[in-house]
Amino acid sequence: MNNIIVDLKTENNFAFGKLYQDNFGKISNFVQNNSGNLADAEDLFQEAMMVLVEKLRQDDFQLTASIDTYVYAICKNLWFKKLRDKNYELSVDELQSFDFLTSINDSIEEEKTYLEKLKGYLLKITDHCNRLIHDIFFKEKAIDQIQKDYGYSTRHNAQNQKHKCVEQIRKVKEEDKQKKKI
């Protein structure tokens, strides 16, 4: 995933072609199912690429979802804005406005898969718990193997640590929910 971001930042045409190939069909279906046509979908995709390029040029840009999720969320947000405004022309100033970028970020959050959200939570917990959760849930290691690998004296201690790490994730998830309510 990081390679495509590097390629997109350098405005590599192959990377944009791949992005188009992987995403345009889904975006075209979305537009056509929501009062649009193929030409609208093509225009929308081009506008989304403008937004993406602008975001990639920002020094503090961090991709918090898969690139496909990100592109879909931008397109979905642009399309609904167009339908709301019944004005099919968005100026560059509008594309760069704070409210518009905030609404795109909100759409991206809504489009994230459970796994993408979980990976975001894992970045906010301790390194120890991050490794433990990866071993248990992603590598599917048995609790007995966890006990051995991490040097826990009993199986109960390993299960207790697993519980503490899961609680860290729950706490981060709740904090994220609270921030979104503000």
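Above: the structure in question.
These numbers come from a predicted model, not from an experiment.

*Asks:* Pulling in residues and values, what's your account of the overall build of the protein chain?
*Replies:* Counting secondary structure elements, the protein chain contains 10 helices and 0 strands. Helices and strands appear in the protein chain in the N-to-C order α-α-α-α-α-α-α-α-α-α. The buried share among the 182 residues of the protein chain stands at 38%. Intrachain contacts of the protein chain at a sequence separation of at least 6 include 60% that bridge at least 24 residues. For the protein chain, the exposed area adds up to about 11400 Å²; of that, 49% sits on carbon and sulfur atoms.

*Asks:* How would you sum up the packing of helix α3 (residues 38-56) against helix α4 (residues 67-85)? Please name residues and give values.
*Replies:* Two elements in contact, α3 and α4, have axes separated by 9 Å at closest approach and are oriented at 120°. It follows from the interaxial angle that α3 and α4 lie oblique. For the crossing formed where α3 meets α4, the hand is right-handed. Listed contacts from α4 to Asp40, Leu44, Phe45, Glu47, Ala48, Met49, Val51, Leu52 and Lys55 of α3 are Ile67, Tyr70, Val71, Ile74, Cys75, Leu78, Trp79 and Lys82.

*Asks:* Tell me what's going on with the nonpolar core, and back it up with residues and numbers.
*Replies:* Counting 28 residues, the largest nonpolar core has Leu8, Leu19, Ile27, Met49, Leu52, Ile67 and Val71 as the members making the most contacts within it. For this core, the secondary-structure elements that each account for two or more residues are α1 (2-9), α2 (13-32), α3 and α4. Of all hydrophobic cores here, the second largest spans 15 residues; its members include Leu118, Cys129, Ile133 and Tyr152.

Rules used in this analysis
- Residues numbered from 1 in each chain as written.
- Predicted model: local features only at pLDDT ≥ 70, side-chain atom pairs only at ≥ 80, totals over all residues.
- Heavy atoms only, no water.
- Helix = DSSP H or I, 4+ residues; strand = E, 2+ residues; numbered from the N terminus.
- Buried < 20%, exposed > 50% of the residue type's maximum accessible area, 1.4 Å probe, protein only.
- Contact = heavy atoms within 4.5 Å.
- Areas by Shrake-Rupley, 256 points an atom, 1.4 Å probe, with all protein chains shown as cover.
- Axes fitted to C-alpha atoms, helices over the stretch in contact; angles between N-to-C directions.
- Parallel < 35°, antiparallel > 145°, perpendicular 65-115°, else oblique.
- Left-handed = near helix turned anticlockwise from the far one by under 90°.
- Core = buried A, V, L, I, M, F, W, Y, C linked by side-chain atoms within 4.5 Å.

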